[in-house]
Amino acid sequence: MNQLITITKNENNDQVVSGRELHEFLEVGTPYTQWFERMVDYGFTENIDFIGLSQKSEKPQGGRPIQDHALKIDMAKEISMIQRNEKGKQARQYFIEVEKELKQQLLPQTPEQQIALLAQGNVNLNKKVAVMEDKLEDISDRMGLPPIQAKILLSVRKNNIITLLGGAQSNAYRKIHRKVYSEFGRDFNKYFEVPRYDAIPLSRIDEALEYSKTWQPSTNTTFAIRSLNSQTSFKFEA
């Protein structure tokens, strides 16, 4: 491909072109400084899309430096399109072809390079998967227990409390089971620092299950259970 406009690289390895050389190629009638200021108004930012350059005057007695700019390819391409003439179209197409050639150069050429690229891709993918897993775990913890785990936890709590009360048919269960459930709830929420049982982090489900299996009521409640279950029900015959 013939080089219509000189393309170099800046310190960041970006491809850039001289604003004055582009101005000359486009055969713009307006003086360079005025023209460039007008082009910048289309939304380009200094030190991002271009940087200012100064060139020494070639006059023997010296003189004021000539202002020039290093434009990134994307900016040069857009400016060329803005001109809306044949020269602008030609310059824009030239920059597009330059970008295509650069992309081709960056592609792996040999099987070894292609394998290395795929391997690097797998490494990057694994890193992304690990990050996503961490995020999902964090979200799960913050959202509390899924319905299945919450149901299992309720079942373990219920079985333990029924056993502590002496069975579902016992005097204690009929009389104070609501009180015991409330006492368990207060103790559980205080220990795990949650407003309700299903708000615990999923990562603590095993601990919560063990707590529910081994929980014991207070001394007063324990004595009340014994007292109620020791009472004999009398039936009075007419």
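Refer to the preceding data block for the structure.
Residues numbered from 1 in each chain as written. Predicted model: local features only at pLDDT ≥ 70, side-chain atom pairs only at ≥ 80, totals over all residues. Heavy atoms only, no water.

Enquirer: Explain the packing of helix α6 (residues 147–164) against helix α8 (residues 205–214) here, please?
Expert: Any two packed helices are characterised by the angle at which their axes cross and by the distance between the axes. Viewed as axis vectors pointing N to C, α6 and α8 meet at an angle of 20 degrees, and their least axial separation amounts to 7 Å. The orientation of α6 relative to α8 falls into the category roughly parallel. Read as a crossing pair, α6 and α8 show a hand that is right-handed. Across the interface between the two elements, Q149, I152, L153, V156, R157 and N160 from α6 touch I205, A208, L209, S212, K213 and T214 from α8. Class assignment for the residues of the contact of α6 with α8 results in 6 nonpolar, 4 polar and 2 charged. (Axes fitted to C-alpha atoms, helices over the stretch in contact; angles between N-to-C directions. Helix = DSSP H or I, 4+ residues; strand = E, 2+ residues; numbered from the N terminus. Parallel < 35°, antiparallel > 145°, perpendicular 65-115°, else oblique. Left-handed = near helix turned anticlockwise from the far one by under 90°. Contact = heavy atoms within 4.5 Å. Nonpolar A, V, L, I, M, F, W, Y, C, P; charged D, E, K, R; others polar.)

Enquirer: Even after reading the chapter, I still don't get α8, so can you show me in this structure?
Expert: An α-helical turn contains 3.6 residues, so any two residues separated by three or four positions project in the same direction. When α8 is considered as a whole, its buried residues turn out to be I205, A208, L209, Y211 and S212. Considered in projection along α8, the buried side chains sweep an arc of 160 degrees and stay on one side of the axis. Residues of α8 that are exposed and angled more than 90 degrees away from the buried face: D206 and K213. Those residues of α8 hidden inside the fold are in contact with α6 and α7 (171–192). (Buried < 20%, exposed > 50% of the residue type's maximum accessible area, 1.4 Å probe, protein only. Arc of directions from axis to C-beta.)

Enquirer: I keep staring at the packing of α6 against α7 and nothing clicks. Help me out?
Expert: Look at α6 against α7: their axes get within 10 Å of each other, and the N-to-C directions meet at 130 degrees. Comparing their axes, α7 and α6 come out oblique. For the crossing formed where α6 meets α7, the hand is right-handed. Here α6 contributes L153, R157, K158, I161 and I162 to the contact with α7, which in turn contributes Y173, V180, Y181, F184 and F188. Residue composition of the contact of α6 with α7, by class: 8 nonpolar, no polar and 2 charged.

Enquirer: Looking at this structure, how should I read the packing of aromatic side chains?
Expert: Pairs of aromatic rings are described using the distance from one ring centre to the other and the angle between the two planes. Applying the stated rule across the entire model yields 12 aromatic pairs. Centroid distance Y94 to F95: 5.5 Å. Interplanar angle 55 degrees. Geometry classified as tilted. Judged by relative accessible area, Y94 falls into the buried class, the value being 6%. With a centroid separation of 4.8 Å and an interplanar angle of 80 degrees, the aromatic rings of Y191 and F192 are classed as edge-to-face. (Phe/Tyr/Trp six-rings, centres within 6.5 Å; stacked < 30°, edge-to-face > 60°.)

Enquirer: Can you help me understand the environment of Q149 in this one?
Expert: Considering the arrangement of structural elements, one finds Q149 in helix α6. The partly exposed category is assigned to Q149, whose relative accessible area is 27%. Residues Q149 and D206 lie 57 residues apart in sequence; the distance between their C-alpha atoms is 10.0 Å. Excluding anything up to four places from it in sequence, Q149 contacts L202 and I205.

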